[in-house]
Amino acid sequence: MEQYDLVVIGAGSTGAYLAKHMAKRGHSVLVIDKLPKTKVGTKYDIFHIEEKEFGRLGIPRPQKGDPAWAFEFVKNYNADPLTLYPKCQMNPMVGLHMHEYTMLLNEEAEKAGAKILYSCEFKAFLFDENKKICGVDTRWKGHGKKIGARLVADCSGMAAVGRTALPDGYGVENDQLTDEDMFYVILRYVRLLDPKDYLEGSTFWAYYKSWIAPSADPHGAIIGIGACHSFDYAEKIYADMEQTVPLPAYELDHVERGRTPYTRNPYSMVADGFFVSGDAGNLTKSVNGEGVTSSMVQLQLAFDTLDRALKLGKVTRGYMWEINKKYNASQGAEFAMLRALLVGVVNAANFDEFQYAFESGIISDELLNAAAGAPLPVKTLFGAAKGFAGGIAKKKIRLSTVKAAVGALKNAVAISEHYKRFPDTEAGYDAWAKKADALYEKIGKIR
Ligand SMILES: Cc1cc2nc3c(=O)[nH]c(=O)nc-3n(C[C@H](O)[C@H](O)[C@H](O)COP(=O)(O)OP(=O)(O)OC[C@H]3O[C@@H](n4cnc5c(N)ncnc54)[C@H](O)[C@@H]3O)c2cc1C
C-alpha cells in the first residue's frame, strides 16, 4: 500500500493550496479528486478575489490576457431596494475563471512536490488497531485502492465526504448541512442591450441578497442571487427583485446554479489523523458566502501546526488543537459576529425600513467601509444613531425592528466574545460548545 504523510481529499482551491504548502515543507503529499483533471473547478465559471488578497495569501495574480483572468473592477455599490441612494466603496476586485485558476493552483502544488491523482474517489477511512484514521479507501480506474496516510485532510467542498464519514464522537462534528445552512446561488450570464448600461463595477442589494457584476464579456453582466431553502425560493426572490430594482435591459445567455455553505464552521476542525478545511468546513464568509480566500486564511493559521505535528509524529486532536484556538479567536469570531448581526437585521427589517436606512444615511459609505475592515469614525456612528432615532420618531422604523436590531447587536457581541474565549486545550471544550450552541439558538438562521 502506498503511504503518504498527508492525503488531501479534493483538488479545488483549498486542497491545492494546502498541498502546495505542506509539500514545500518537505512532506509527502497526495491529492485525490474524484473528477478528471478537465472537470476540476468547473462547478461554475466566474468568481472574484479581492486584489489585496493575492499578496496576503501568496497566490498567483493573473493579468489581462492570461487564461484565468476574466475582468477587474474597483467600484462596489451597495443599494437600497429602489436603487435611489447607492453607496460606493472603492475595493479593487479581480474576476477569474474557476477552472483555469484552480489549474494554476494545482500546478503550483505539483511544482512544490505534491502528487495529484485525478478520477480517484474517496470512499471511506482506513482505521488502525486503535481505531485511529490511518488512510483512505478509494475508487480509481474501476478498482478499489487503499492509500496509507498519517494525516487526511478533507477539502472535498460542500460534500464534506471525509468529515461526514467520521464516526460519531471522533472529534469533529460530522453532520450534513440542511437547506437552512446553505445559499442556493443562481447566476444569470446576460448581454446588456444598451451601451449606456455597460458596467463599471458591481451593485449589491442586501434586501434581496442579489447583485449585478461584470462578466468576462465587457458588454455583458452576471446577475446573481443567493437564498436559503431551495433554488425555487431563490427564483421567487429574484422575481420580487425584478419588480422593484431597475435592472438594465438584457438578453439571457445562460444560467449557472450552485450552492455554498452559509453556517458556522465545526467548532473543532481537527481530530486524530484528520483535518478539515474549505467548504467542507463551512469556512465561507458570513457576508456573502464566498469561500476561496477565507479558507486560505484558516490554512495559513494551520500550516505551522500541521507541519510540526507531522514532524514530531503527533498528529492528534490534542496536539493540533491550537488550530481551533487560532481560527476561532480570529476569523471565526469575526464571521460569527457578522452572521449574528446580519441574521438579526435582515430577518427583521422590511422593504420600507431598508429603503429608509439608505435614504436617511443610517447606512453610509463610511459604515460600509468599516464593515469591510476600515476604521469606523465616531461621527459615522453618531450619524447612524441619529438617523435611527429620527426613523423611530417619524415612525419609519418599527419598534419591533429596533428591538430585533438591538438583540442582534447583543448576540453579535456575545458570540464574538465567546469565540475569543475558545479553550486553549481540549479540556473545557464541552462547556464551551454547550454555551456556543445556546447562543446560536438565540441567533437563529437567515430567512
Ligand atoms: C455560484 C457561486 C459563486 C461563488 N462565487 C465566489 C466568489 O466570487 N468568490 C469566492 O471566494 N467564493 C465564491 N463562491 C464560493 C466558492 O466557490 C467556494 O467557497 C470554494 O470554491 C470552495 O473551494 P473548496 O476547494 O473548499 O471546494 P471545491 O472547489 O468544491 O473543491 C472540492 C473538490 O473535492 C472533490 N471531491 C468531492 N467529493 C470527492 C470524493 N468523494 N473524492 C475525491 N474528491 C472529491 C470535488 O470534485 C472538488 O474538485 C461561490 C460559490 C458559488 C456556488
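Please read these numbers as outputs of a predicted model, since none were measured by experiment.

Scoring rules and cut-offs
- Residues numbered from 1 in each chain as written.
- Predicted model: local features only at pLDDT ≥ 70, side-chain atom pairs only at ≥ 80, totals over all residues.
- Heavy atoms only, no water.
- Phe/Tyr/Trp six-rings, centres within 6.5 Å; stacked < 30°, edge-to-face > 60°.
- Helix = DSSP H or I, 4+ residues; strand = E, 2+ residues; numbered from the N terminus.
- Buried < 20%, exposed > 50% of the residue type's maximum accessible area, 1.4 Å probe, protein only.
- Lys NZ or Arg CZ within 6 Å of the ring centre and 35° of its normal.
- Near = heavy atom within 4 Å.
- Polar contact = N/O pair within 3.5 Å; in protein donor to acceptor, adjacent residues only side chain to side chain.
- Areas by Shrake-Rupley, 256 points an atom, 1.4 Å probe, with all protein chains shown as cover.
- Nonpolar A, V, L, I, M, F, W, Y, C, P; charged D, E, K, R; others polar.
- Domains from an automatic or database assignment.
- Pairing = 2+ DSSP bridges.
- Axes fitted to C-alpha atoms, helices over the stretch in contact; angles between N-to-C directions.
- Left-handed = near helix turned anticlockwise from the far one by under 90°.
- Contact = heavy atoms within 4.5 Å.
- Salt bridge = Lys/Arg side-chain N within 4 Å of Asp/Glu carboxyl O.
- Lys, Arg positive; Asp, Glu negative; His and termini not counted.

Attention now moves to the packing of aromatic side chains. Taken as a whole and judged by the stated rule, the model has 19 aromatic pairs. Between W321 and Y429 the ring centres are 5.5 Å apart and the planes differ by 90°, which places this aromatic pair in the edge-to-face class. Taken together, the residues span a long stretch of sequence, with W321 in helix α6 (residues 317-348) and Y429 in helix α11 (residues 429-443) at a distance of 108 residues. When sorted by exposure, W321 lands in the same class as Y429, which is buried. Three or more aromatic residues joined by ring pairs make a cluster, and in this case those are Y267, W321, Y419, F422, Y429, W432 and Y440. Taking the ring centre of Y267 as reference, the NZ or CZ of R264 above it sits at 3.7 Å. The ring centre of Y262 lies 5.0 Å from the NZ or CZ of R339, which sits over that ring.

What surrounds the ligand is a group of 33 residues, the closest being T14, D33, Y44, H48 and D279. F122 has a polar backbone atom sitting 2.9 Å from a nitrogen atom of the ligand. The separation between an oxygen atom of the ligand and a polar main-chain atom of V292 is 3.0 Å. Burial of the ligand by the protein amounts to 92% of the accessible area it has alone, namely 1,000 Å². Taken together, the elements giving at least two residues each to the shell around the ligand come down to α1 (13-24), β3 (46-50), β7 (120-127), β10 (182-192) and β14 (250-261). Partitioned by chemical class, the residues of the shell around the ligand number 13 nonpolar, 13 polar and seven charged. Among the domains, domain 1 (2-61 + 98-176 + 265-315) and domain 2 (180-261) are the pair contributing at least three residues each to the shell around the ligand.

A few words now on the pairing of strand β1 (residues 2-9). Burial within β1 is extensive, with six of its eight residues counted as buried. Here β1 pairs with strand β9 (residues 143-154) via seven bridges, running parallel. By the bridge assignment for β9, V8 is matched with A153. Relative to strand β2 (residues 29-32), β1 runs parallel, the two being bridged by four bridges. Bridging from a neighbouring strand, V7 pairs with L30 of β2.

What follows covers the packing of α1 against helix α5 (residues 292-312). What describes two packed helices is the angle between their axes and the distance between those same axes. It is at 10 Å that the axes of α1 and α5 come closest, and there the two elements cross at 35°. The handedness of the crossing between α1 and α5 comes out as right-handed. Residues S13, T14, Y17, L18, H21 and M22 of α1 form the contact with α5, whose participating residues are V292, S295, M296, L299, Q300, F303, L306, D307 and L310. Considering only residue class, the contact of α1 with α5 consists of nine nonpolar, five polar and one charged.

What follows is about the pattern of salt bridges. Within the structure shown, the criterion is met by 29 salt bridges. With a shortest N-O distance of 2.8 Å, K132 and D272 are connected by a salt bridge. One end of the pair, K132, is in the loop between β7 and β8 (133-140); the other, D272, is in the loop between β15 (270-271) and β16 (274-276), with 140 residues separating them in the sequence. Its relative accessible area of 34% is what places K132 among the partly exposed residues. Using a relative accessible area of 18% as the deciding quantity, one classes D272 as buried. Residues participating in the shared-partner salt-bridge network are R25, D304, D307 and K311.

Another aspect to go through is the side chain of D279. Tracing the sequence through the fold places D279 in the loop between β16 and α5. Although buried, D279 forms no salt bridge, and the nearest oppositely charged side chain, K43, lies 4.1 Å from it. Sequence-distant contacts of D279, that is, excluding residues within four places in its chain, are made with K43, G157, M158, T260, P261, T284 and S295.

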